Amino acid sequence: MTEANIGPLRQISVRSLPGLRTDLLVQADCGRQDATASLAHTTGVGVVYSANSRRRSRRKRYTECAAAIHFTQKRAPLADVLVDANLYTGSTRKPADQQPTQDWITFQRHHRLPWAMTDSGYCAASDTTGPIAILSAAGRMGDHVIAALPVASSWLTEDASTLRDAIDKYGVPVALMIEDEADPFDRRGAVSGLVEILRADTPVLLLRSDTAALGALAYGAAAAAIGVTSTYRHFYPKADNSFGREPQLSFLIPALLGYYLNRRFENAFRVDPTLDAWRCDCHYCNGNNLTWIANHVDPSGAAFQHSVAALSAIGQELAGVIRAGVSGPSAWTRRCLEACGHSNTIRTECDETWRAKKSLAEWVRSEPSNVTG
Ligand SMILES: [Zn+2]
């Protein structure tokens, strides 16, 4: 990618939230402000800072988030910033029936953020009163408030239309975050549930996501955030002891629209290093293959930079195709089919156990022309 391609990321979705400059954001721990703000400045993505889930002290949460906001406002003055209180994760998580606080909203307004997100608790499976409690509280907190809705994955697979109706009843923009031990959108029915929720008249954001963020934007999400590590690409169930585990090195393979462990990538790469799928044109890879990431002095930092820059570049391409008149769902379906094609080539040439991400087929099935045709 040349310097001319870098700059403010254009809007991908047909919907937007007033006050946000872009709809593609990156989600990171507020302690990673340095790398995150630099990347926001370079690629034009916005930022969602999550408070550190291991430190529940109220004072620390406010202090650390304020530091991340100030740093980013200085280093990347054009970047959109949102903050996530992150109280819905871990074994001592806040439950949904514990009301969001006005105090947290006031804090965000004080720091001149375009939108304030509620410090919501976790909405368990079938807890029908949970989302209602959050939505109604958010509705009483004034303008430019986003109701954070951290939900169990069954809200997508089994109760999507119930959730969509509740969202439209209260009319407050919502930020969905999905609990799952792995990628929630590889679960059967999760993509179609998300698409159903995105049909709401009220703006819906998808946070703590991976490449599904781009799919969500193609289907009309008002904004979407890609997590910098697996911890921020969904959130773990309470009983899952992988919560808080140090993540292994993984990064986006852009051609495949998925994150893969470096170990898996290297094993397949060694068999046939010439495949197009291993190359990346992002600002950091510059047309080279992805092996430089593990060899870098800071592999996780390199993985983070490459993944966000590559997703931002895919977002730019999608935005261009959509502006040229192709519908968002059709543009995304094309990308998913191309990614499946690359995965098939890897399976044939390198590794017979290699499979495309399950969610890609779910996205293809969700396209309106495929559903009705
Ligand atoms: Zn790259």
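Residues numbered from 1 in each chain as written. Predicted model: local features only at pLDDT ≥ 70, side-chain atom pairs only at ≥ 80, totals over all residues. Heavy atoms only, no water.

For the rest of this paragraph, the subject is the overall build of the protein. In terms of regular secondary structure, the protein is built from 14 helices and 10 strands. Expressed as lengths along the three principal axes of its C-alpha atoms, the size of the protein is roughly 55 × 50 × 45 Å. Expressed as a percentage of the 373 residues in the protein, the buried residues total 59%. Looking at the protein alone, contacts between residues at least 24 apart form 71% of all its contacts between residues at least 6 apart. Within the structure as shown, the protein displays about 15200 Å² of accessible surface, and the carbon and sulfur contribution to it stands at 49%. In the protein, 39 positive and 38 negative side-chain charges are present, and the distance between their average locations comes to 4 Å. (Helix = DSSP H or I, 4+ residues; strand = E, 2+ residues; numbered from the N terminus. Buried < 20%, exposed > 50% of the residue type's maximum accessible area, 1.4 Å probe, protein only. Contact = heavy atoms within 4.5 Å. Areas by Shrake-Rupley, 256 points an atom, 1.4 Å probe, with all protein chains shown as cover. Lys, Arg positive; Asp, Glu negative; His and termini not counted. Charge placed at Lys NZ, Arg CZ, Asp CG, Glu CD.)

We now examine helix α6 (residues 160–170). All buried positions along α6 are accounted for by Ala160, Leu163, Arg164, Ala166 and Ile167. Down the axis of α6, the buried set is contained in an arc of 165°. They therefore lie on one face. Buried-residue contacts for α6 involve α4 (129–139), β5 (145–152), α5 (154–157), β6 (174–179) and α7 (190–197). Just downstream of α6, Gly171 is the residue with a positive phi angle, here 70°. (Arc of directions from axis to C-beta.)

What follows is about the coordination of the zinc ion. Of the protein atoms, only Cys280 (SG), Cys282 (SG), Cys285 (SG) and His306 (ND1) coordinate the zinc ion, at distances of 2.1 to 2.4 Å. In this structure, the zinc ion is coordinated by 4 donor atoms arranged in tetrahedral fashion, with angles at the metal of 98 to 120°. Mapped onto the polypeptide sequence, the residues donating to the zinc ion form the spacing pattern C-x1-C-x2-C-x20-H. A relative accessible area of 1% places Cys282 in the buried class. In this structure Cys285 comes out as buried when scored by relative accessible area, which is 0%. (Donors = N, O, S within 2.8 Å, 3.2 Å for Na, K, Ca; no water. Tetrahedral: all angles 85-135°; square planar, octahedral: opposite > 155°, others 65-115°.)

Our focus in this paragraph is the packing of aromatic side chains. Summed over the entire model, instances satisfying the criterion amount to 13 aromatic pairs. Between Phe269 and Trp278 the ring centres are 6.3 Å apart and the planes differ by 65°, which places this aromatic pair in the edge-to-face class. Looking at Arg58, its charged tip hangs above the ring of Tyr62, at a distance of 4.2 Å from the centre. A cation sits over an aromatic face here: Arg61 above Trp104, 5.0 Å from the ring centre. (Phe/Tyr/Trp six-rings, centres within 6.5 Å; stacked < 30°, edge-to-face > 60°. Lys NZ or Arg CZ within 6 Å of the ring centre and 35° of its normal.)

Once that is clear, we can look at helix α1 (residues 33–43). Of the positions making up α1, those classed as buried are Gln33, Thr36, Ala37, Leu39, Ala40 and Thr43. Seen from one end, α1 has its buried residues packed into an arc of 160°, which puts them on one side. Just downstream of α1 lies Gly44, where phi reads positive at about 85°.

Before going further, it helps to examine the pairing of strand β7 (residues 204–209). The two faces of a sheet get side chains in turn, since along a regular strand they alternate between them. The buried count for β7 comes to 6 of 6 residues, which makes it a mostly enclosed element. Where β6 and β7 come together, 3 bridges link them in parallel fashion. Pairing of Val174 across the sheet is with Val204, part of β7. For the handedness criterion, the β-α-β arrangement of β6, α7 and β7 is classed as right-handed. Taken together, the 3 bridges between β7 and strand β8 (residues 223–227) define a ladder with parallel strand orientation. Within β8, the residue paired with Leu206 across the bridge is Ala224. A crossover connection joins β7 to the parallel β8 through helix α8 (residues 212–218); in handedness this β-α-β unit is right-handed. (Pairing = 2+ DSSP bridges. Right-handed = clockwise from strand over helix to strand, strands pointing away.)

Right, let's get into the nonpolar core. By size, the foremost hydrophobic cluster in this structure holds 131 residues, and its most contacted members are Leu149 and Trp278. The greatest single-element share of this core, amounting to 11 residues, is contributed by helix α11 (residues 299–323). (Core = buried A, V, L, I, M, F, W, Y, C linked by side-chain atoms within 4.5 Å.)

Keep in mind that these numbers describe shape and distance, not what the molecule does.
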